[in-house]
Amino acid sequence: MHPDSPKPEPSASDQTDADLFLALKAGRIEALSALYDRYSNLVYGLALRVLSNSEEAEDVTQEIFLALWHKDNYNPTRGSLSSFLVTMTRSRSIDRLRSRNTKLRFLQRWKRISTAEEISANPLEQVSINERSQLIREALARLPDSERQVLEIAYFEGLSQSEMSQRLGIPLGTVKTRTRQGLLKLKQHLRDFIQ
């Protein structure tokens, strides 16, 4: 090699996390790929342990690396990248658990309200139950068809989001978005009723 010729860049496997992070912030996508190869098993494994759901663990893994790419929230002087990724993964996974539990509690309340029709004891209670059922039907009718469809399939048939994705022939992310938006709108429509 001629003494004046430029030295070849080290391969990604030879670069430190700090070097790869700086390359990532400089817009070099191959740095993200190298960091993903280096830490995706760690992130996915932790997310899977917290969530006990492979699809959600995959989603969290993708979110973590997209956040690393798009946000400038890692500071190499405050600790190792692996520690940062572990903390971020744990936090995102716990947030998902909380969100999952909130949605589950809402659906359970909704189910209790709608199944109350079967418990009717006297005419006055029957009138109240019929009014509640009507409120729920009206709230569902106010949702866009796509959002109402996924909520009805989840509630009445008990299908998972991945099963709905297969049945409806739409991406899993679309099912998740429609479910989340539908639940938020339904909760808003019924907020005075379910508190």
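In this text the structure is predicted, and so the values were computed from the model without any measurement.

Draft legend 1. View of the overall build of the protein. Within the protein one finds 9 helices and 0 strands. In the protein, the succession of α and β elements from N to C terminus is α-α-α-α-α-α-α-α-α. A fraction of 57% describes how many contacts in the protein between residues 6 or more apart in sequence connect residues 24 or more apart. About 12200 Å² of surface is accessible on the protein, with carbon and sulfur atoms providing 51% of the total.

Draft legend 2. Structural detail: unusual backbone geometry. Positive phi, normally seen in glycine, also occurs at S52, with a value near 55°. Within the fold, S52 resides in the loop between α2 (29-51) and α3 (54-70). For S52, a relative accessible area of 64% puts it in the exposed group.

Draft legend 3. Broad picture of the pattern of salt bridges. Counted according to the given criterion, the structure contains 8 salt bridges. Between R38 and D17 there is a salt bridge, with the nearest N and O atoms lying 2.6 Å from each other. Separated by 21 residues along the polypeptide, R38 in helix α2 and D17 in helix α1 (residues 17-25) bring together distant segments of the chain. Judged by relative accessible area, R38 falls into the partly exposed class, the value being 30%. Residue K185 is joined to E147 by a salt bridge in which the shortest nitrogen-to-oxygen separation is 3.1 Å. Note that K185 is positioned in helix α8 (residues 172-189) and E147 in helix α6 (residues 145-157), a separation of 38 residues in sequence. Using a relative accessible area of 34% as the deciding quantity, one classes K185 as partly exposed. Judged by its relative accessible area of 4%, E147 is buried. Residues joined in a network through salt bridges with shared partners are D59, E63, R92, R96 and K176.

Draft legend 4. The arrangement of the nonpolar core in detail. L24, L35, L68, L81, F84 and L85 are the most contacted members of the largest nonpolar core, which has 23 residues in total. Broken down by secondary-structure element, the contributors of at least two residues to this core are α1, α2, α3 and α4 (81-115). Sorting elements by how many residues they give to this core places α2 first, with 8 residues. When sequence neighbours within four positions are dropped, the list of residues in contact with L85 reads Y39, V43, I64 and L68. Core analysis: the second largest hydrophobic core is formed by 8 residues, A139, L143, L151 and L186 among them.

Basis of the calculations
- Residues numbered from 1 in each chain as written.
- Predicted model: local features only at pLDDT ≥ 70, side-chain atom pairs only at ≥ 80, totals over all residues.
- Heavy atoms only, no water.
- Helix = DSSP H or I, 4+ residues; strand = E, 2+ residues; numbered from the N terminus.
- Contact = heavy atoms within 4.5 Å.
- Areas by Shrake-Rupley, 256 points an atom, 1.4 Å probe, with all protein chains shown as cover.
- Buried < 20%, exposed > 50% of the residue type's maximum accessible area, 1.4 Å probe, protein only.
- Salt bridge = Lys/Arg side-chain N within 4 Å of Asp/Glu carboxyl O.
- Core = buried A, V, L, I, M, F, W, Y, C linked by side-chain atoms within 4.5 Å.

Geometry only, nothing functional implied.
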